[in-house]
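Geometric and topological summary
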Amino acid sequence: MRLIFNILLIFTFFTPYTIYSQKTATLTGKIIDEEHKPLANVSIEIIGKQKGTISDDAGLFKLIIPSNKVVSIVFSFTGYVPIQKNIILNTNETEYITIRLKKDTSTLTDVEVKDDRRKREIGSVHIDPSKAGVNPSPIQGIEQLIKIFVGSNNELTSQYSVRGGSYDENLIYVNDFEVFRPYLIRNGQQEGLSFINPELTNSVKFYNGGFQAKYGDKMSSVLDITYKKPKKFGGSAYIGLLEQGFHLEGTSAKNKLTYLIGVRNRSNRNLLSSQETKGNYIPASSDIQALINYNLNSKWQFELFGNVSATKFTLFPEESKLSSSVFSPFYTANFGVDIYFDGKEKDSYTTNFVGASATYQPNKNLRLKWMLSRFNNNEKENIDITGAYLFGDRDFDKGSSTYGLINNPLGAGLFQNYARNTLNISVWDAAHKGSLTNKNHFIQWGGNIQKQYIDDKLNEWEYTDSAGYALPYSTSSLQLNKVLKGSTRFHVTRVSGYIQDNIQFKNNTDFTLQAGLRFNYNDLNKEFLLSPRVSFSFIPKNKKDLVVKGAVGIYYQPPFYREMRRYDGTLNKDLKAQKSWQVSAGLDYNFTMFQRPARITTEVYYKNLWNVVPYDIDNVRLRYFGENEAKAYAMGIETRLYGELVKDAESWLSFGIMNTKENLANDTYQQYTLDNNNKPIDSTTVNVGWVRRPTDRLITFGMFFQDYLSTNKNFKFYMNTLYGSNLPYNIPGSIRYRNALIIEPYIRVDIGLSALLLQPEKQNRRSYSPFKNFESIWASLEIFNLIDRPNTISYLLIKDFQNNTFAMPNRLTPRLVNLKLVAKW
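Residues numbered from 1 in each chain as written. Predicted model: local features only at pLDDT ≥ 70, side-chain atom pairs only at ≥ 80, totals over all residues. Heavy atoms only, no water.

1. A short note on the overall build of the chain
If you tally the helices and strands in the chain, you get 5 helices and 44 strands. At 30 Å, the chain has a C-alpha radius of gyration in line with the 28 Å of a compact globule built from 825 residues. Overall size of the chain, expressed as C-alpha extent along the three principal axes, is 100 × 75 × 50 Å. Buried positions account for 51% of the 825 residues belonging to the chain. The distance from the centre of the 98 positive side-chain charges to the centre of the 79 negative ones in the chain is 6 Å. (Helix = DSSP H or I, 4+ residues; strand = E, 2+ residues; numbered from the N terminus. Rg over C-alpha atoms; globule rule 2.2 N^0.38 Å. Buried < 20%, exposed > 50% of the residue type's maximum accessible area, 1.4 Å probe, protein only. Lys, Arg positive; Asp, Glu negative; His and termini not counted. Charge placed at Lys NZ, Arg CZ, Asp CG, Glu CD.)

Laid out in structure tokens, this is it:
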């Protein structure tokens, strides 16, 4: 690994070190704290050498180092932030320096207490938000870290699937406010910035199952984000080929008021220009977020949180050349389809959110919070694209004059896609939540009332012409392949609440019990739901490094707009909630690996679902059936490993096995018996039964690895690796072959190389330096899809002259390079 890393660095940033003879020089100095008091017993080590010393009671030290070469020295002391200095001295030279160490605001004790609480919770996944900025990925954000643990099949989206659930089964909270995402997005190309700004994020709680009653009414996962509460002025700025942004934070003179502001801008043009569909891509996404806290006194605190986001996507497609190879014992073929486009697509998605809260804490045991928020989402789709295609055998012989062309046409046709869709959603929410600590009880409660307003206008159709005939074929009239027309305006009131108690028992075992009850009611389908949930954890006697935990509960998901809309565009306002009972159990074990702390977690789970609303996935677009007509299940096992393969650089590894299937009601077809003239003489009704769900992925693997040069921690390496076995893909309108197509395994490796250009020791900078107030400046080179694998996201279905259907894969992004500069102050 170190050899590969060094080679990559040589080819990008650096030149090799010159080897000199081993002559020496002397480094002396004094180590002090922030109050200029001497620090004794500070460790002083030369990186890559088994050599070092410690400071004496007066903070003084003396160290013999090699001369005429760069020597990296680390000064470290428990409870303080370590500092690295790069020194070069002449032979026999002596230099005196002063080192000032800062206190580490996250002390070891705090980390241990926090980790102990989190590792007791079933389904809890540890995620370090600081890694969002260094994780090499085309989409920068917290969600990309989550994908390391839950898997992915599309690097262009921030959406994710958890334990067989759909994208719509995931809850997201920011500072206790529930946030939403756009609904009409068809593919990752159109997607803009995620709501969550990683530069503003302080902590991340992610639960992939078994979550408590205090969290809302979804069936798969919870992402609970808490933004920073600044203690002093600071900020950051970054600029890259894909995304740019900055943030500011600070406090008032007496720390009564704190502010946090973030601005981002993103353009996926460099990513999309390498897509198989060539054309003029004009994507743009930007947002601004602000969080203001005001402490009136020791008991009252007020918060104002706002977000404005705008995403626009314009495409003038020109051509697309898709290819697919077929290998069998009988024949091989290289199929291709060339499509030439005319027209354009123009979409816009605007999101506004504002929330206010008041928190009252009369004493350390009682906390009361009131919240009021409004979310508005305005989406528009304008598509009018015509494509003429030629399908057949593609010539891949480089010596041929027809190389790359279709030399044996099997089909030809024309299609037109038209859409004029608008959607406006407004959600008002008023909520209260509280908590009370009483001896070994931690009681939590809450309730909210939510008013949703939906205005939907749908006008969408597709025309398909194959070999001069409109499909479906009619001798009397022109038929369209698909027509979706509808207009609806309605509102729904939802009321929900919960109460739960976390009980801590301490006798022979350290046992914790969480028991809660959640309710939900809406006036649209008038369904009242009760959801009991129980979880536990205990630490066996004399096994303080081991936690055993489990959970069982009922999880409902009342329908929202997307689930209610049928394939034909009509809305089913009588749709009932999807329902499930879930059980999970796991172990959490802390141990030592390579003489450094490590942690492994393992969980098994089973989910039984009924009243399921089936759906198909096309890229990131979910198309629901709009009916409660299926039952389903999901079961699996997950293992995650956290550890430092090198000191102070934690890496993560996740592995999962899962099986999820569904059984639709009335999914029957006729199987015919033919005579010698191929005429049907008899038929049998066949029930399809259990089939794979759209998210059925047997194996998922994810790894985040970080490393640094043994001689200099300022040069770092990051690698993000994802693997997911095949996924099913549905043939539209087919009952017999539902989810029968296969999307090949998703394999992706992204790497990043970072160099520290400006070190954080401000006291060593000159007073007139333009970088005097900067904490650090990093430069990064990122290589996306290092192995250049052509991952498939969906299929284009093409018919030949004999009416046979062929599936041509739509590919994701190839290998790309990104440069990024990050500054913090």
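2. Concerning helix 3 (residues 142–150)
Residues spaced three or four apart along an α-helix face the same direction, because each turn holds 3.6 residues. Counting buried residues in helix 3 gives 9 out of 9 residues, a clear majority hidden from the surface. For helix 3, the full list of buried residues reads Ile142, Glu143, Gln144, Leu145, Ile146, Lys147, Ile148, Phe149 and Val150. Following helix 3 by one or two positions, Gly151 adopts a phi angle in the positive range, close to 95°.

3. Side note on the packing of aromatic side chains
Counted by the stated rule, this structure contains 38 aromatic pairs. Here the aromatic rings of Phe195 and Phe353 are separated by 6.0 Å at their centres, their planes lie at 85°, and the arrangement is edge-to-face. Within this pair, whereas Phe195 is found in the loop between strand 10 (177–178) and strand 11 (201–207), its partner Phe353 is found in strand 18 (residues 332–363), the two being separated by 158 residues in sequence. Across the pair, exposure class does not vary: Phe195 and Phe353 are buried alike. A ring pair is formed by Phe305 and Phe353, whose centres lie 5.7 Å apart and whose planes are at 65°; its orientation type is edge-to-face. Of this pair, Phe305 sits in strand 17 (residues 300–327) while Phe353 sits in strand 18; the two residues are 48 residues apart in sequence, bridging distant segments of the chain. (Phe/Tyr/Trp six-rings, centres within 6.5 Å; stacked < 30°, edge-to-face > 60°.)

4. Notes on the nonpolar core
Phe206, Leu223 and Tyr227 are the most contacted members of the largest nonpolar core, which has 54 residues in total. Here the element with the most residues in this core is helix 3; it accounts for 6 residues. Residues within four places of Leu223 in sequence aside, it is in contact with Ile142, Ile146, Tyr160, Leu171, Ile172, Tyr173, Ile196, Val204, Lys205 and Phe206. Core analysis: the second largest hydrophobic core is formed by 20 residues, Ile31, Leu39, Leu63 and Phe75 among them. (Core = buried A, V, L, I, M, F, W, Y, C linked by side-chain atoms within 4.5 Å. Contact = heavy atoms within 4.5 Å.)

5. Describing a nonpolar patch on the surface
Nonpolar side chains collect at one region of the surface, where Ile449, Val495, Ile499, Leu517, Phe519, Tyr521, Phe528 and Leu530 lie side by side and expose about 670 Å² of accessible area between them. The set of elements that each furnish at least two residues to the nonpolar patch consists of strand 23 (482–506), strand 24 (510–522) and strand 25 (527–539). For the nonpolar patch, the element with the most residues is strand 24, which contributes 3 residues. Mapped onto the secondary structure, Val495 falls in strand 23. (Patch = residues over 30% accessible without salt bridge, like charges linked within 9 Å, V, L, I, M, F, W, Y side chains within 5 Å. Areas by Shrake-Rupley, 256 points an atom, 1.4 Å probe, with all protein chains shown as cover. Salt bridge = Lys/Arg side-chain N within 4 Å of Asp/Glu carboxyl O.)

6. Examining the sheet that holds strand 10
Read from one edge to the other, the open sheet built from 5 strands follows the order 8-11-12-9-10, with strand pairing classed as mixed. Edge positions in the open sheet fall to strand 8 (124–125) and strand 10, since each of these has one partner strand only. In the sheet, strand 8 pairs with strand 11 via 2 bridges, with the strands oriented antiparallel. Across the sheet, the residue bridging to Val125 is Phe206, located in strand 11. Across the sheet, helix 3 touches strand 8, strand 11 and strand 12 (221–227), and the angle it forms with strand 11 is around 30°. (Pairing = 2+ DSSP bridges. Axes fitted to C-alpha atoms, helices over the stretch in contact; angles between N-to-C directions.)

7. Some thoughts on the sheet that holds strand 1 (residues 24–32)
An order of 4-1-7 is seen for the 3 strands of this open sheet, with the pairing classed as mixed. The strands lining the two open edges of the sheet, one partner per strand, are strand 4 (60–66) and strand 7 (94–100). The mean angle between the axes of side-by-side strands here comes to 30°, regardless of whether they run parallel or antiparallel.

8. Describing the side chain of Ser220
Considering the arrangement of structural elements, one finds Ser220 in the loop between strand 11 and strand 12. Here the side chain of Ser220 touches Glu169 through a polar contact of 2.8 Å, side chain to side chain. In this view, Ser220 contacts Val162, Gly165, Glu169, Asn170, Tyr207, Asn208, Gly209, Phe211 and Lys607; residues no more than four positions away in its chain are not counted. (Polar contact = N/O pair within 3.5 Å; in protein donor to acceptor, adjacent residues only side chain to side chain.)

9. What to know about the pattern of salt bridges
Taken as a whole, this structure holds 31 salt bridges when the rule is applied. Salt-bridge contacts for Glu638 lead to Arg163; the nearest nitrogen and oxygen are separated by 3.0 Å. Here the residue Glu638 occupies a position in strand 31 (residues 630–646), and Arg163 occupies one in the loop between helix 3 and strand 9 (170–174), the gap between them amounting to 475 residues. Taking relative accessible area as the criterion, Glu638 reaches 10% and is therefore assigned buried. Note that Glu249 is salt-bridged to Lys228, the shortest N-O span being 3.7 Å.

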